[in-house]
There are 2 protein chains.
Amino acid sequence: MSDVILYDYWRSSASYRVRIALSLMDMAYQSVAVDLLAGAHKAPDFRKRNPQGLVPALEIDGLVLTQSLAIIEYLDETRSHAGFLPKDAVGRQRVRALSHAIAMDIHPICNLGVVGNVMKQAEAHGEDPAKVRLAWMGKYIGEGLEAFERLLDHPGTGSFCHGDRPSMADICLIPQIYNARRWEVDLSHLPMVNRIAERCLAMDAFARAHPDLAKPRD
Amino acid sequence: MSDVILYDYWRSSASYRVRIALSLMDMAYQSVAVDLLAGAHKAPDFRKRNPQGLVPALEIDGLVLTQSLAIIEYLDETRSHAGFLPKDAVGRQRVRALSHAIAMDIHPICNLGVVGNVMKQAEAHGEDPAKVRLAWMGKYIGEGLEAFERLLDHPGTGSFCHGDRPSMADICLIPQIYNARRWEVDLSHLPMVNRIAERCLAMDAFARAHPDLAKPRD
């Protein structure tokens with residue numbers, strides 16, 4: 001049994017990011033499902049691990065780490081083969097900026113808790129909440145990934161978001177693409193996003209981290 | 001004239017973070033106001049600097065950098081006296097996790113564009129949009145800073161969020177406190193948040209970065 005434990009929820013983008021990172025590193029880990037729908041992240045037991053009550057949390061090196069990007073940066077700093085950020089400060093700045101353009105500017109706004117709040121308001125006024133959700137996701141994921149496409153129009157872009165190996169930016173992009181597809185957001189006009197996503201999704205390391213494989217069996 | 005240029009908006013939390021960082025480093029810079037209310041961030045001229053069309057952007061070292069936290073990490077990596085992140089990987093992980101607990105889990109949801117969208121929906125249904133905004137801010141800033149207080153209940157906390165000097169976490173906390181006050185969010189039950197905020201706000205470097213001083217004069 002591995003002594004690395006990931007507290008995971010199959011459909012959480014933040015968990016998906018850490019699964020991709022661990023998978024790219026070929027690091028063995030034990031997965032513990034935290035059922036967000038059942039409120040398991042709010043239980044006192046889990047709160048002891050993450051006082052924020054969010055997934056993912058990663059037990060590693062005798063620590064419990066939280067916040068997906070801070071976990072990925074830690075893995076990059078402590079495991080020389082991770083390579084999630086380039087070695088030069090300018091490249092690192094770009095990879096972080098790309099990552100944050102997704103992890104700060106798209107993902108939190110499309111978090112199901114937030115969107116659930118918007119849906120509840122819509123429903124109280126007789127609107128179809130599912131339709132309101134689709135419009136919300138379409139706007140924020142759509143505009144956010146259009147901006148991301150513009151950021152990729154840069155000499156630093158290679159076969160991946162930055163250069164020719166997957167970085168933290170690709171690790172952020174792929175879960176966002178999963179959500180875009182889930183919510184039927186049209187990305188057909190974003191050639192660089194599509195080309196990079198296709199390349200990532202063809203890699204075994206990304207495939208192994210897919211939500212469908214992290215979904216607990218009934 | 002300094003060759004460091006900050007494209008700034010006085011009330012943007014992300015801009016405020018970078019102002020604090022530059023101020024803590026005693027770095028001279030020229031400020032260029034980008035009037036978000038007039039849509040200046042969407043003008044082609046500014047889009048050339050930041051294809052995302054967001055503030056802040058920082059011209060430095062012949063580069064144009066975007067994304068506040070990625071800028072702060074760059075300053076930390078390239079200026080040895082910055083010290084925005086500790087030197088040990090575990091401490092760095094904690095400071096990033098604290099920073100992201102604000103910059104990812106509170107701030108984007110309370111972005112005025114997002115809240116404006118919620119208000120528009122409320123107004124269309126005859127609700128008072130200002131009241132809806134206050135409730136939204138109260139919920140997300142309130143719950144988010146309560147979680148932040150729990151994260152501060154940790155041996156790493158010192159006279160600042162991590163140890164005894166201001167880090168990226170404090171740089172994220174102070175603009176969030178400014179917004180909490182602006183939207184009348186009760187923080188009286190958060191003793192560590194209040195103690196640290198008070199200590200930061202008493203420092204000249206934080207005071208110099210305050211939105212009131214960055215507001216363009218008519």
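These numbers were taken from a predicted model, which means no experiment stands behind them. (Residues numbered from 1 in each chain as written. Chains lettered and ligands numbered in written order. Predicted model: local features only at pLDDT ≥ 70, side-chain atom pairs only at ≥ 80, totals over all residues. Heavy atoms only, no water.)

### Brief notes about helix 1 (residues 13–24) of chain B
Residues and elements named next belong to chain B.
- Compared with an ideal rise of 1.5 Å per residue, which puts 12 residues at 16 Å, helix 1 spans 16 Å between its outermost C-alpha atoms and is within 8% of the ideal.
- Most of helix 1 sits out of view: 11 of its 12 residues are buried.
- Here helix 1 has its buried residues at Ser13, Ala14, Ser15, Tyr16, Arg17, Val18, Arg19, Ile20, Ala21, Leu22 and Ser23.
- Two or three places before Ala14, at the start of helix 1, stands the capping residue Ser12, its side-chain oxygen 3.3 Å from that residue's backbone nitrogen.
- One or two steps after helix 1, the chain reaches Asp26, where phi turns positive at roughly 55 degrees. (Helix = DSSP H or I, 4+ residues; strand = E, 2+ residues; numbered from the N terminus. Expected span 1.5 Å × (residues − 1). Buried < 20%, exposed > 50% of the residue type's maximum accessible area, 1.4 Å probe, protein only. Polar contact = N/O pair within 3.5 Å; in protein donor to acceptor, adjacent residues only side chain to side chain.)

### Thoughts on the UniProt feature "domain: GST N-terminal" (unreviewed entry) in chain A
- Mapped onto the present numbering, the UniProt feature "domain: GST N-terminal" (unreviewed entry) falls on residues 2–83 of chain A.
- In residues 2–83 of chain A, the share of helix is 35% and the share of strand is 20%. The end C-alpha atoms are 22 Å apart. (UniProt positions renumbered as here; feature names shortened; annotations may be inferred.)

### Side note on the interface of chain B and chain A
- Each side of the interface is counted separately: chain B has 43 residues, and chain A has 43 residues.
- Summed over both partners, the interface of chain B with chain A comes to about 3800 Å²; 59% of that surface belongs to carbon and sulfur atoms.
- The tally of links between chain B and chain A comes to 6 salt bridges.
- The partner of Arg96 of chain A in a salt bridge is Glu73 of chain B, and the shortest N-O contact between them spans 3.5 Å.
- The interface formed by chain B and chain A contains 18 residue pairs in polar contact (both at pLDDT 80 or more).
- Those elements that place two or more of their residues in the side of chain B that touches chain A are strand 4 (63–66), helix 3 (68–78), helix 4 (89–103), helix 5 (112–124) and helix 6 (129–152) of chain B.
- For the side of chain B that touches chain A, the element with the highest residue contribution is helix 4 of chain B, accounting for 9 residues. (Contact = heavy atoms within 4.5 Å. Buried area = accessible area lost by both parts, 1.4 Å probe. Salt bridge = Lys/Arg side-chain N within 4 Å of Asp/Glu carboxyl O.)

### Describing the relation of the copies chain B and chain A
- Mapping chain B onto chain A calls for a rotation angle of 180 degrees and an axial translation of 0.0 Å; the resulting RMSD is 0.0 Å. The superposition operator between the copies reduces to a two-fold rotation axis.
- Taken as a fraction of all interface residues of chain B, those also at the interface in chain A reach 100%, which identifies the copy contact as same-surface. (Least-squares fit on C-alpha atoms with pLDDT ≥ 70 in both.)

### Regarding the pattern of salt bridges
- The full count for this structure, using the stated rule, is 20 salt bridges over all chains.
- When the shortest N-O distance is used, the salt bridge between Arg79 of chain A and Asp61 of chain A registers 2.8 Å. Highlighted residues: Arg79 of chain A in the loop between helix 3 (68–78) and helix 4 (89–103) and Asp61 of chain A in the loop between strand 3 (57–60) and strand 4 (63–66), separated in sequence by 18 residues.
- Salt-bridge contacts for Arg19 of chain B lead to Asp8 of chain B; the nearest nitrogen and oxygen are separated by 2.8 Å. Of the two residues, Arg19 of chain B sits in helix 1 while Asp8 of chain B sits in strand 1 (residues 5–8), which places them 11 residues apart along the sequence. Exposure class is identical for Arg19 of chain B and Asp8 of chain B. Each is buried.
- What emerges from the salt-bridge pattern is a single network uniting Glu73, Glu77, Arg92 and Arg96 of chain A together with Glu73, Glu77, Arg92 and Arg96 of chain B.

### A closer look at the packing of helix 3 of chain A against helix 4 of chain B
- Two elements in contact, helix 3 of chain A and helix 4 of chain B, have axes separated by 8 Å at closest approach and are oriented at 160 degrees. Considering their axes alone, helix 3 of chain A and helix 4 of chain B lie roughly antiparallel with respect to each other. Here helix 3 of chain A and helix 4 of chain B pass one another in a crossing that is right-handed. On helix 4 of chain B, the residues touching Leu69, Ala70, Ile71, Glu73, Tyr74, Glu77 and Thr78 of chain A of helix 3 of chain A are Ala89, Val90, Arg92, Gln93, Arg96, Ala97 and His100 of chain B.
- By residue class, the composition of the contact of helix 3 of chain A with helix 4 of chain B is 7 nonpolar, 3 polar and 4 charged. (Axes fitted to C-alpha atoms, helices over the stretch in contact; angles between N-to-C directions. Parallel < 35°, antiparallel > 145°, perpendicular 65-115°, else oblique. Left-handed = near helix turned anticlockwise from the far one by under 90°. Nonpolar A, V, L, I, M, F, W, Y, C, P; charged D, E, K, R; others polar.)

### Thoughts on unusual backbone geometry
All names here are of chain A.
- The amide bond that connects Val55 to the next residue, Pro56, takes the cis arrangement and shows omega of 0 degrees.
- One can find Pro56 in the loop between helix 2 (44–49) and strand 3.
- Here Asp61, not a glycine, exhibits a phi torsion of approximately 55 degrees, which is positive.

### What to know about the packing of aromatic side chains
Residues and elements named next belong to chain A.
- Scanning all chains against the criterion turns up 8 aromatic pairs over all chains.
- Relative to Phe46, the ring of Tyr7 has its centre 6.0 Å away and its plane inclined at 55 degrees; by these criteria the two rings are tilted. Residue Tyr7 is found in strand 1 (residues 5–8), and its partner Phe46 is found in helix 2; the two are separated by 39 residues along the sequence.
- Relative to Trp10, the ring of Tyr9 has its centre 6.4 Å away and its plane inclined at 55 degrees; by these criteria the two rings are tilted. Judged on exposure class, the residue Tyr9 and its partner Trp10 are both buried.
- The ring of Tyr140 has Lys139 sitting right over it, with the charged end atom 5.4 Å from the ring centre. (Phe/Tyr/Trp six-rings, centres within 6.5 Å; stacked < 30°, edge-to-face > 60°. Lys NZ or Arg CZ within 6 Å of the ring centre and 35° of its normal.)

### Thoughts on the side chain of Arg96 of chain B
- As for its position among the elements, Arg96 of chain B is in helix 4.
- On the accessibility criterion, Arg96 of chain B (1% relative accessible area) is buried.
- A polar atom in the side chain of Arg96 of chain B sits 3.5 Å from the side chain of Glu73 of chain A.
- A polar side-chain atom of Arg96 of chain B sits 3.1 Å from a polar atom in the side chain of Glu77 of chain A.
- Those residues in contact with Arg96 of chain B, other than ones at most four positions away along the chain, are Ala70, Glu73, Glu77 and Arg96 of chain A together with Glu73, Leu85 and Met168 of chain B.

### Comments concerning the state of the cysteines
Residue and element names in this part refer to chain A.
- Per the stated rule, a full pass over the model turns up 0 disulfides over all chains.
- Just so you know, Cys161 is unpaired, no disulfide at all, and the nearest cysteine sulfur is the one on Cys200, 6.6 Å from it.
- Overall, the relative accessible area of 0% leaves Cys161 in the buried class. (Disulfide = S-S within 2.5 Å.)

### Looking at the packing of helix 4 of chain B against helix 7 (residues 168–182) of chain B
Residues and elements named next belong to chain B.
- Viewed as axis vectors pointing N to C, helix 4 and helix 7 meet at an angle of 20 degrees, and their least axial separation amounts to 8 Å. Between helix 4 and helix 7, the interaxial angle falls into the category roughly parallel. Regarding helix 4 and helix 7, the two cross each other, and that crossing is left-handed. Here Val95, Arg96, Leu98, Ser99, Ile102 and Ala103 of helix 4 lie close against helix 7, whose contacting residues are Met168, Ala169, Cys172, Leu173 and Gln176.
- Here the contact of helix 4 with helix 7 is composed, by residue class, of 8 nonpolar, 2 polar and 1 charged.

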